[in-house]
Amino acid sequence: RGVQAHRLCPPRGAGSSLEPEERSMEPPAVPEEEEEEEGAVPLSVAPGPVGCQLFGYVGIEAVLDQMKIKTMKTGFEFNIMVVGQSGLGKSTMVNTLFKSKVSRKSSQPGQEERIPKTVQLQSITHVIEEKGVKMKLTVTDTPGFGDQINNENCWDPIIKYINEQYERYLREEILITRKRKIPDTRVHGCVYFVPPTGHWLRPLDLEFMRRLSKIVNVVPVIAKADTLTLEERAEFKQRIQEDLKTHTISVYPQEDFDQDPEDRALNDRIREKIPFAVVGADQEHQVNGKRVLGRKTKWGIIEVENPAHCEFPLLRDLLIRSHLQDLKDITHNVHYESYRVRRLNESNRPG
């Protein structure tokens, strides 16, 4: 060990490391008496950004198990908002997403509470557990959005609610002695239901998405897509994509936030199919000996989870199975950060 340490550390008088010294392009000659000794570790060039080679098992991958165990103990929060006119199946769609009655709180067993058609927002929180993982789910409904004769500024209560959740989180965050885990009530995703008209987007739809896409992740869907034929559905989706591009409305997943080529390739495939043409159903039916979620009609059963019938599986995968953590990250790192910077600038402004 003493020989090797002497070899690695240059003498003090050899010159300062801050001053460049002239070096020859030829590799230095190794003296004969300092040739490799038996059992000595040969010197090697320091590894670059690629990383170094491990000579045995260290156990770095165990950190994934640690994160999983910690998440299973503490659980996590996910807050979703559904926006659209009455009768478009918002509550049914949320129940279909999580395969449980999460959209409306029952006042009595077996009886659903009737939500009044007002612009006042209704938030309901449930704790869902699957395979030991607990999720605190908050569903915010907007029963009366777009139902009035004069819908001017009908998005103001929604914008106010979203900003209030940012403000609540900010107040907890700037405390001197803050909580170890700040309760997160911020809206991570807003599913906007477009009526299945088969025509262009209404001015109300465009104005809502233009305003809300700046403060929250907006995912547009075509509600009750079973009322459209396949040709009408494809044409309607193309028109909606053109409208979004013309009015420079950036819906989730936003192209500006793609981190690497793999994310961009995946999100490009998703963006090609947005808005998703979805069908919601919270009742099971018997199809070929299997119980499936679907809507029963005179000519057959529309299977909700069948990709050949509708694009509900794509919406479920986006919101839960593939992009749930990304929705939370963008909410925290982009939308909440923009609100935080604006609020702190306002508080630091003189006068």
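Now for a quick tour of the structure. Predicted model, so just to flag it, every value in this text is computed and none were measured.

1. Remarks on the sheet that holds strand β9 (residues 300-303)
- In spatial order, the strands read β7-β8-β9; together these three strands make up an open sheet with antiparallel pairing. The outermost strands of the open sheet, each flanked by one partner alone, are β7 (284-287) and β9. Going across the sheet, the axis of each strand differs from the next one's by a mean of 70 degrees, ignoring polarity.
- By the bridge criterion, four bridges tie strand β8 (residues 290-297) to β9 in an arrangement that is antiparallel. Within β9, the position partnered with Thr297 by the bridge is Gly300.

2. So, the environment of Gly280
- With respect to the helices and strands, Gly280 occurs in the loop between β6 (276-277) and β7.
- C-alpha separation for the pair Gly280 and Glu305, spaced 25 residues apart in sequence, amounts to 9.4 Å.
- The contacts of Gly280, once residues within four sequence positions are left out, are Thr92, Met93, Thr96, Arg295 and Val304.

3. Thoughts on the packing of aromatic side chains
- Taken as a whole and assessed by the stated rule, the structure comprises six aromatic pairs.
- Measuring from centroid to centroid gives 6.1 Å for Tyr166 and Tyr336, while their planes differ by 55 degrees, and the two rings are tilted. Of this pair, Tyr166 sits in helix α4 (residues 156-173) while Tyr336 sits in helix α9 (residues 324-348), placing them 170 residues apart in sequence. With respect to burial, Tyr166 and Tyr336 carry one shared label: buried.
- Between Tyr166 and Tyr339 the ring centres are 5.6 Å apart and the planes differ by 40 degrees, which places this aromatic pair in the tilted class. Taken together, the residues span a long stretch of sequence, with Tyr166 in helix α4 and Tyr339 in helix α9 at a distance of 173 residues. Each member of the pair, Tyr166 as well as Tyr339, is classed as buried.
- Aromatic rings pair up to connect Tyr166, Tyr169, Tyr336 and Tyr339 into one cluster.
- The ring of Tyr336 has Arg186 sitting right over it, with the charged end atom 4.9 Å from the ring centre.
- The ring of Trp200 has Arg239 sitting right over it, with the charged end atom 5.1 Å from the ring centre.

Rules used throughout
- Residues numbered from 1 in each chain as written.
- Predicted model: local features only at pLDDT ≥ 70, side-chain atom pairs only at ≥ 80, totals over all residues.
- Heavy atoms only, no water.
- Pairing = 2+ DSSP bridges.
- Helix = DSSP H or I, 4+ residues; strand = E, 2+ residues; numbered from the N terminus.
- Axes fitted to C-alpha atoms, helices over the stretch in contact; angles between N-to-C directions.
- Contact = heavy atoms within 4.5 Å.
- Phe/Tyr/Trp six-rings, centres within 6.5 Å; stacked < 30°, edge-to-face > 60°.
- Buried < 20%, exposed > 50% of the residue type's maximum accessible area, 1.4 Å probe, protein only.
- Lys NZ or Arg CZ within 6 Å of the ring centre and 35° of its normal.

As far as function goes, none of this settles anything; it's purely spatial.
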